[in-house]
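Structure assessment
Chain by chain, the residues run as shown.
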2 protein chains.
Amino acid sequence: MTTLEDVARHAGVSLATASRVLNGSSRQVGAMMRARVESSARLLGYRVDATAQALARGASNVVGVVIQDLTDPYFAAIADGVVRAADRHHMVVTLGTTYRDPEREIAHIATLNAQRARAVLIAGSRVADERMLGRLRAELEVYRGAGGRVALIGQDLAGTDTVVPLNREAARDLAVALAGLGHRRFAVLAGPPRLYTATDRAAGFREGLLAAGLPEPVMVPGGFDRDGGRVAALELLASGPEITCVFAVNDVMAVGALAALREHGLRVPEDISLAGFDDIAPLRDLVPALTTVRLPLARMGELALELALSEPAAPRLVPVAGEVVLRDSVTALAGPVQRNLTS
Amino acid sequence: MTTLEDVARHAGVSLATASRVLNGSSRQVGAMMRARVESSARLLGYRVDATAQALARGASNVVGVVIQDLTDPYFAAIADGVVRAADRHHMVVTLGTTYRDPEREIAHIATLNAQRARAVLIAGSRVADERMLGRLRAELEVYRGAGGRVALIGQDLAGTDTVVPLNREAARDLAVALAGLGHRRFAVLAGPPRLYTATDRAAGFREGLLAAGLPEPVMVPGGFDRDGGRVAALELLASGPEITCVFAVNDVMAVGALAALREHGLRVPEDISLAGFDDIAPLRDLVPALTTVRLPLARMGELALELALSEPAAPRLVPVAGEVVLRDSVTALAGPVQRNLTS
DNA sequence: CTGTTAGCGCTTTCAG
DNA sequence: CTGAAAGCGCTAACAG
């Protein structure tokens, strides 16, 4: 391995000069020396040692992102946004995956602290568990004490910069839009009762219905993934209420629900309408195309990095709106309910 | 920031002892001292500095993975496999994304070299461009010279450990299977002519057909993504050959083709059969379910890490078989061709 | 079993 | 504009 010292010696200059020309210092260096150093470096195949640099500078150019699951397109899109933003800032991204285990989340923060990561970005909604939350906060505090910056994507954790998707508001918009199409009896595949993302969406949807003067929807809790959606839909079908439209609190659950409906010989949207949330990209070619709420996932990742990298200030909350996207999986119902039409 | 020295002083022991108890040395330390050090560390909120550790040890616990696109489920699945394997080895993953730009691929390797990454894993098929290949090889050589380990996922690059998906063989199997269902006239949406993954699959498929005694398929080159598949399919439809089955060299292209076929009022599989390659997870709920070739993507990522971390040996090639998965997007054709049935 | 002491490769005052 | 030298936090001989 060629070191800076090798380069300096080869170029006949001091270590300091070599450092100044090779690794972005603001100090000026004479053209001649500069040229000599550069050619020596090239010749010897010199590569900085970022670990030594980090040690000397007391700060790395690493940003850590911790997400729940890389194979979930929702998180992949967020991570992609982070990666793009990090590239622009010439920063290196290290990726941690929790698989929804809070224990692992904490462990990753500790690791990133050890790595002296300049910032850590945490995506994925928190679960209502005070004990874990306390430990998470503590670990974050240690990291902050060491000069680390933190930004969250999802639920607010008090005292932390956060990119907040407006789940509740967007779900309400969706409900109003669906009501406007003439639907009156809804079911909500509501996901886990302690997962904020899920409960916010379900609650917002309910609010929207009530605001439109419609009755309470049938709420079916369940898992937050494809299979959770399928199982919840099967449960719903078994209980047999008269429903014209099903809202699943995320797209992958909606896909599971779609499968369940089909198993029961129901056509979407002819026999029943279906909506999701997130507008996951690989699902855009689903037939029927899924009515959903679009969240600017990649943008949210970028925002989080910008937040973390900007001057520390009073904890900021950056709200991100979702956009209702009506597609073929929902059909308009005839009838006088048209008066509920919004927009 | 609390340092090891702080801990040592607080515990009243030497730096070396503190190091030995806190950071996995094989050396033994007395129970008393150990306890003292541990409690001091906890009390002071000590966190190792991995950058200092890396510098002192001359080796980090970072593994770099460079993929083409995180939002492509193919790469996300591979990266997920790497992450899981890295977790098991207590290694940290840093992720780089090339967006199919060879220039960025090289830059990432340089960065990972600077990071003193213990290993770098590169996924994504190479393009036939000798100039770029030369530069890539050179950068890899510098990295190896510094003690770095490299493993590839995809095309062999000579002299490097590689996990090799058997694209050609699997595509051949697929062709034979489809021939066995009675199809005789095929089109291949072949992807980019210089992308090895694409050409291998197209060539293998053709071989399979010829082996089954069938005529040459219609070959339509194009992009490797969803839209490439759509455009190629439209082209195919415009040229109007009599075809009963279309093979797209990857699943996302198949999805694009499906859209194109539908635009032309063709039903799949009633009017025309369709097959893809990769068995991308988020597409499993497509209707009709896509006939495809399953590749153990996550496993391939794990394998690559194991390869890179194991004792350096003569460059190893680990072949990975693909498995033909017949689903609803392909229908059997009546007729005497049943004699071609394999399996 | 424990402590001393060189570094690891680079940055950064501080002098010149 | 250039150089000398003191660390950054930790590890790993080498002694005891």
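In this text, all values refer to a predicted model and were calculated from it rather than measured experimentally. (Residues numbered from 1 in each chain as written. Chains lettered and ligands numbered in written order. Predicted model: local features only at pLDDT ≥ 70, side-chain atom pairs only at ≥ 80, totals over all residues. Heavy atoms only, no water.)

**What about the sheet that holds strand β7 (residues 218–221) of chain B?**
Sheets are built from strands paired through backbone hydrogen bonds, the pairs being either parallel or antiparallel. Residues and elements named next belong to chain B. Reading across from one edge, β7-β6-β8-β9 is the order of the four strands in this open sheet, with parallel pairing throughout. Looking at strand neighbours, the two that pair on one side only are β7 and β9 (273–275), the edges of this open sheet. Taken over all neighbouring pairs, the strand axes of this sheet differ in orientation by 20° on average, direction set aside. The pairing of strand β8 (residues 245–248) with β9 spans three bridges and is parallel. (Pairing = 2+ DSSP bridges. Helix = DSSP H or I, 4+ residues; strand = E, 2+ residues; numbered from the N terminus. Axes fitted to C-alpha atoms, helices over the stretch in contact; angles between N-to-C directions.)

**Looking at the domain arrangement of chain A**
According to the domain assignment, chain A consists of domain 1 (4–57), domain 2 (62–165 + 298–320) and domain 3 (167–294). Each of domain 1 of chain A and domain 2 of chain A was reduced to a C-alpha centroid, and the two centroids are 34 Å apart. (Domains from an automatic or database assignment.)

**Quick look at helix α2 (residues 15–22) of chain A**
For α2(A), every residue scored as buried is listed here: T17(A), A18(A) and V21(A). Taken around the axis of α2(A), the buried residues stretch over an arc of 100°, which confines them to a single face. (Buried < 20%, exposed > 50% of the residue type's maximum accessible area, 1.4 Å probe, protein only. Arc of directions from axis to C-beta.)

**A few points about the pattern of salt bridges**
Tallied over the full model, the rule gives 54 salt bridges over all chains. Of the charged contacts, one joins D49(B) and R116(A) as a salt bridge, the two residues approaching to 3.5 Å between their closest N and O atoms. Placement of the pair is D49(B) in the loop between α3 (31–44) and α4 (50–57) and R116(A) in the loop between α6 (102–114) and β3 (119–123), with the two residues belonging to separate chains. Classification of R116(A) as buried rests on a relative accessible area of 15%. Where R294(B) meets D279(B), a salt bridge forms, and the shortest distance between an N and an O atom there is 2.8 Å. Placement of the pair is R294(B) in strand β10 (residues 292–294) and D279(B) in the loop between β9 and β10, with a sequence separation of 15 residues. With relative accessibility at 33%, the residue R294(B) sits in the partly exposed group. Taken together, the shared-partner salt bridges connect D279(A), R284(A), R294(A), E323(A) and R327(A) into one network. (Salt bridge = Lys/Arg side-chain N within 4 Å of Asp/Glu carboxyl O.)

**Re the packing of helix α1 (residues 4–11) of chain A against α2(A)**
Residues and elements named next belong to chain A. It is the contact of α1 with α2, at a shortest axis distance of 8 Å, that shows an interaxial angle of 105°. By the criterion of interaxial angle, the relationship of α1 to α2 is roughly perpendicular. Across the interface between the two elements, L4, E5, V7 and A8 of α1 pack against L15, A18, S19 and L22 of α2. When the residues that make up the contact of α1 with α2 are grouped by side-chain class, the tally is six nonpolar, one polar and one charged. (Parallel < 35°, antiparallel > 145°, perpendicular 65-115°, else oblique. Contact = heavy atoms within 4.5 Å. Nonpolar A, V, L, I, M, F, W, Y, C, P; charged D, E, K, R; others polar.)

**Some details on empty space enclosed by the protein**
Over the atoms a probe the size of a water molecule is rolled, and this reveals where empty space is left. Scanning the model with the defined rule gives two cavities of 30 Å³ or more in all. Together, P282(A), L283(A), L286(A), P282(B), L283(B), D285(B) and L286(B) line the largest cavity. Split into classes, the residues belonging to the lining of the largest cavity amount to six nonpolar, no polar and one charged. Approximately 30 Å³ is the volume attributed to the second largest cavity. Looking at the lining of the second largest cavity residue by residue, the class counts come to three nonpolar, one polar and four charged. (1 Å grid on protein atoms, 1.4 Å probe; cavity = no way out; pocket = protein on both sides within 12 Å on 5 of 7 lines; lining within 4 Å. Points joined across faces, edges and corners; volume = space filled by probe spheres on them.)

**Considerations on the interface of chain B and chain A**
Listed as interface residues are 48 residues of chain B and, on the opposing side, 49 residues of chain A. Around 4000 Å² of area is buried between chain B and chain A when both sides are counted, 59% of it from carbon and sulfur atoms. Counting the surface chain B buries against chain A, the share from its top three residues, R47(B), R116(B) and D285(B), is 15%. Notably, a salt bridge pairs R226(B) with D285(A), separated by 2.5 Å at the nearest N-O pair. (Buried area = accessible area lost by both parts, 1.4 Å probe.)

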